[in-house]
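Each chain, written out:
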Amino acid sequence: MGFNAFSGASGQDFSDLLKNTRGYAGAADASRAAAEFPAESLDAITGPERRWSWVEIDLSAIRHNVAVAKRRLSPGCRLMAVVKANAYGHGAVQVAKTAISAGAAQLAVATVNEGVQLRRAGIEAPILVLSEPPASAIPLLLHHNLMPSVYTVEFAVAYGEIADLHGVRAPFHLAVNTGMNRIGVRFDEAVEFLRQIAFHRALEQVGTFTHFATADCAETLDFNIQLRRFKETVEAIRAAGIDPGLAHCANSAAILRYPETHMDMARLGISLYGFHPCPETRGYFDLHPAMSVHARITAVNTPPMSEGVSYGMNYRSTGSVKICAVPVGYADGYVRALSGRTSIIYAGHRCRQVGNICMDQCMFEVDLRSHGTYRRLDPHVGDEVLLVGSQNGAAVTIEDLCDLLDTIPHELCCGFSARMPKVYLR
């Protein structure tokens, strides 16, 4: 491991770090050390080499999930890959490039910054921002060719004015509120809204969309109401002599469950990453989770019987176990509420996570006894473990953790990506 603690430093930064180390011998030693460990070589110490924890993203799973969705889509329906929130924690640039190469026609993000990131990475596919940004962001939209969602007259006019001033078009998607009551022009006011902004020559409506609140629910009444309202709205826009552009309303659940929603385009979100949007799709579609969470053991202890482990000491050793520490904690998305409720996979075996999960570390228990068909394990510092994933038939899935926490995969995946480096598998 050596100087990994200083692996991001260079020049004066390195000297400053050395001044704070025990036995600091002065500026001359600091300069000599900086020369011995130049910034270029330190930059090569990346990801899991700096800290023994990382997230692996299997890009072949992303390609597979795109293919599953495309096979489900109605003929002529385009696919939009939703890569907001850093691709649900999977890495927006890598996932976006993979999804496009697999057949996605467009991309969707939640913020202007997310769109700018994709453009700066050289991605040229159409990008929709799934909300209406502040008017102050309009120059960024136009410069980076990002399509905003539009649902207020004030923003639409400002967008058109600035675009016209610079001699460019101002493409947008109209967001329609069909009953979710989050964002959008209310369905029965959409035509009047478009008439109010129709005077502006720079504005170009290239899409019209809505979002379902209950496509992933067993109950279908509200879903059917929203779908009917959206179809009627698109028809009313056309009847008014206005081109609605690409009509799209299907999310992952609707793509898999309701072919009648496929229209001109469909938005693949959580299922792009291998997760079923609802129990009703399980067993019918073979989705592959792309994310797994890995770490290496950093310490092994054999505490005597009754000695406690971690904050609060709500776990105490039985005296026949090894306690292994790994550098993953709640700041990495390994939620503290999982403490003592989940398992960590070591050598193909599920081992109980014990003690309170800390901000940066957690612990698990390895039974030192041999009994029945159980093979005695012998953990060592540096051995790899899985916090999420499968090995030799043992598995801990994101869905398993969601069941314990009463949450959804979206939240956990975003959390695991917070600060752990990503390793991409092709």
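(A) Local environment of the overall build of the protein. Counting its regular elements, the protein contains 14 helices and 19 strands. Here the protein holds 426 residues, and the buried ones make up 50% of them. For the protein, long-range pairs separated by at least 24 residues make up 65% of all intrachain contacts whose partners lie at least 6 apart in sequence. Of the roughly 19,400 Å² of accessible surface on the protein, a fraction of 51% belongs to carbon and sulfur atoms.

(B) Representation of the environment of Ala295 within the structure. With respect to the element layout, Ala295 can be found in strand S11 (residues 291-296). Sequence separation of Ala295 and Gly103 is 192 residues, and the distance between their C-alpha atoms is 33 Å.

(C) Seen up close, the confidence of the model for the protein. Confidence in the prediction for the protein averages 93 pLDDT; 93% of positions are at 70 or higher. Counted against residues more than four places away or in other chains, residues 1-11, with its pLDDT under 50, gives 22 contacts.

(D) Local environment of the side chain of Arg119. Assignment of secondary structure puts Arg119 in helix H7 (residues 112-120). Glu124 provides the closest opposite charge to the buried, salt-bridge-free Arg119, at an N-O distance of 7.6 Å. At a separation of 2.7 Å, a polar atom in the side chain of Arg119 contacts the main-chain carbonyl oxygen of His144. At 2.9 Å, the side chain of Arg119 forms a polar contact with the backbone oxygen of Asn145.

(E) Fine view of helix H2 (residues 27-36). Every buried residue of H2 is accounted for by Ala30, Ala33 and Ala34. The buried residues of H2 occupy an angular sector of 100° when the element is viewed end-on, so they sit on one face. In H2, those exposed residues whose orientation departs by more than 90 degrees from the buried face are Ala28, Ala35 and Glu36.

(F) Region of the structure containing the packing of aromatic side chains. One pass over the full model with this rule turns up 6 aromatic pairs. Between Phe212 and Phe223 the ring centres are 4.7 Å apart and the planes differ by 55°, which places this aromatic pair in the tilted class. Note that Phe212 is positioned in the loop between strand S8 (203-209) and helix H11 (221-239) and Phe223 in helix H11, a separation of 11 residues in sequence. Given the relative accessible area of 3%, Phe212 is considered buried. Ring centres of Phe223 and Tyr258 lie 4.1 Å apart, and the angle between their planes is 20°; on these two criteria the pair is classed as stacked. Residue Phe223 is located in helix H11, and its partner Tyr258 is located in the loop between helix H12 (252-257) and strand S10 (265-268); the two are separated by 35 residues in the primary sequence. Taking relative accessible area as the criterion, Phe223 reaches 0% and is therefore assigned buried.

(G) Inspection of the nonpolar core at higher detail. Counting 120 residues, the largest nonpolar core has Leu118, Phe364 and Phe416 as the members making the most contacts within it. Take this core: its biggest share by element is 6 residues, from helix H4 (residues 59-72). Here Phe364 is in contact with Ile297, Lys322, Ile323, Cys324, Val326, Ile344, Tyr346, Cys351, Arg352, Gln353, Val354 and Val385, once residues within four sequence places are set aside. Membership of the second largest hydrophobic core comes to 8 residues, among which are Val309, Tyr315, Ala325 and Cys358.

(H) Representation of the packing of helix H13 (residues 398-405) against helix H14 (residues 409-416). Look at H13 against H14: their axes get within 9 Å of each other, and the N-to-C directions meet at 110°. Here H14 runs roughly perpendicular to H13, going by the angle between their axes. In this structure, H13 meets H14 at a crossing whose hand is right-handed. Taking contact as the criterion, the partners of Ile398, Leu401, Cys402 and Leu405 in H13 are, on H14, Pro409, Leu412, Cys413 and Phe416. A breakdown of the residues in the contact of H13 with H14 according to their chemical character gives 8 nonpolar, no polar and no charged.

(I) Geometry of the pattern of salt bridges. Overall, the coordinates contain 10 salt bridges when judged by the stated rule. As a salt-bridge pair, Asp378 and Lys322 come within 3.2 Å of each other at their nearest N and O atoms. Of the two residues, Asp378 is situated in the loop between strand S16 (362-367) and strand S17 (384-391) and Lys322 in strand S13 (residues 321-326); the sequence distance between them amounts to 56 residues. A network of salt bridges, in which partner residues are shared, links Arg51, Asp332, Asp360 and Arg419.

(J) Expanded view of the packing of H4 against helix H6 (residues 92-102). Following both chains from N to C, one finds H4 and H6 inclined at 45°, their axes separated by 9 Å at the closest point. In terms of axis orientation, H4 runs oblique to H6. The element H4 and its partner H6 pack so that their crossing is right-handed. Residues Leu59, Ile62, Arg63, Val66 and Lys70 of H4 pack against Gln94, Val95, Thr98, Ala99 and Ala102 of H6. Residue composition of the contact of H4 with H6, grouped by class: 6 nonpolar, 2 polar and 2 charged.

What counts, and at which threshold
Residues numbered from 1 in each chain as written. Predicted model: local features only at pLDDT ≥ 70, side-chain atom pairs only at ≥ 80, totals over all residues. Heavy atoms only, no water. Helix = DSSP H or I, 4+ residues; strand = E, 2+ residues; numbered from the N terminus. Buried < 20%, exposed > 50% of the residue type's maximum accessible area, 1.4 Å probe, protein only. Contact = heavy atoms within 4.5 Å. Areas by Shrake-Rupley, 256 points an atom, 1.4 Å probe, with all protein chains shown as cover. pLDDT = per-residue confidence, 0-100. Lys, Arg positive; Asp, Glu negative; His and termini not counted. Salt bridge = Lys/Arg side-chain N within 4 Å of Asp/Glu carboxyl O. Polar contact = N/O pair within 3.5 Å; in protein donor to acceptor, adjacent residues only side chain to side chain. Arc of directions from axis to C-beta. Phe/Tyr/Trp six-rings, centres within 6.5 Å; stacked < 30°, edge-to-face > 60°. Core = buried A, V, L, I, M, F, W, Y, C linked by side-chain atoms within 4.5 Å. Axes fitted to C-alpha atoms, helices over the stretch in contact; angles between N-to-C directions. Parallel < 35°, antiparallel > 145°, perpendicular 65-115°, else oblique. Left-handed = near helix turned anticlockwise from the far one by under 90°. Nonpolar A, V, L, I, M, F, W, Y, C, P; charged D, E, K, R; others polar.

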